[in-house]
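Topology and contacts: notes
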Amino acid sequence: MSTARVAMNRQGVEDAYAEPMNFLEIDVLDPQTHGLGRARYTDYEIRLRTNLPVFKVQEAVVRRRYSDFEWLKNELERDSKILVPALPGKAIMKQLPLLTKDEGIFEDAFIEERRKGLEVFINKIAGHPLAQNERCLHMFLVDRRIDRNYTPGKIR
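Summary of the structure given here. Here the structure is a predicted model, which means the values were calculated and not measured. (Residues numbered from 1 in each chain as written. Predicted model: local features only at pLDDT ≥ 70, side-chain atom pairs only at ≥ 80, totals over all residues. Heavy atoms only, no water.)

**Here we look at the pairing of strand β2 (residues 41-50)**
Rules: Exposed residues in this analysis have more than 50% of their type's maximum accessible area, buried residues have under 20%, and partly exposed residues fall in between, with area computed by a 1.4 Å probe over protein chains only. Starting at the N terminus, helices and strands are each numbered in turn, a helix being any DSSP run of H or I of at least four residues and a strand any DSSP run of E of at least two. Any two strands with at least two DSSP-identified bridges between them are counted as paired.
In terms of burial, β2 is a largely internal element, 7 of the 10 residues being buried. The pairing of strand β1 (residues 24-34) with β2 spans 9 bridges and is antiparallel. Directly across from threonine 33, in β2, lies its bridge partner threonine 42. Following β1, the chain reverses through 6 residues before pairing antiparallel with β2; glycine 35 in that reversal takes a positive phi of roughly 80 degrees.

Laid out in structure tokens, this is it:
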């Protein structure tokens, strides 16, 4: 049995700062509030950047509402074998304008806190190897519109 040392290649500056072999970056950015009265809602820009072969595109930008995140969570709980993390809370009391002296769920501080929570949620989901094969996750991250009548299943 040989105890000779294995020759190691020295890492150069280019290698140290090169793009990683496999990466998945998802940012939740740019919250925008639309509409008036009861038709008012906030959506968020979801920006995907990856080189994982399971994704059909390497970059995508879509806009999603909180209800879209709820849809994704429900789909994953129904059809996958993964433990799905919690979403940031619904803030029921902030939805009742008579009980709040501020803008409620449309207050800048609340929207920013929710944005951060949604970013943590989607990164936990997308980072899970089993979730990466779910059609609903791909639709959520890449497709302009979510087809709620889609056929659940795995990405091949």
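**Points about the sheet that holds β1**
So the rule is basically this: In this description, a line fitted to the C-alpha atoms serves as the axis of each element, helices being fitted only across the stretch in contact, and the angle between N-to-C directions of two axes falls anywhere from 0 to 180 degrees. Any two residues having at least one pair of non-hydrogen atoms within 4.5 Å are treated as being in contact.
Ordered in space as β1-β2-β3, the 3 strands form an open sheet in which the pairing is antiparallel. Pairing within the sheet leaves two strands with one partner each, and these edge strands are β1 and β3 (59-65). Pairwise comparison of adjacent strand axes, ignoring direction, gives a mean angle of 20 degrees for this sheet. For β2 and β3, the ladder comprises 7 bridges, and the chain directions are antiparallel. Bridged to leucine 48 within β3 is alanine 60. Its contacts with the sheet put helix α3 (residues 108-126) on β1 and β2, and the angle it makes with β1 is roughly 150 degrees.

**Focus: the environment of arginine 40**
Among the structural elements, arginine 40 can be located in the loop between β1 and β2. The sequence separation of arginine 40 and phenylalanine 106 amounts to 66 residues, and the corresponding C-alpha distance is 8.8 Å. Among residues more than four places away in sequence, those in contact with arginine 40 are Thr33, His34, Gly35, Glu103 and Phe106.

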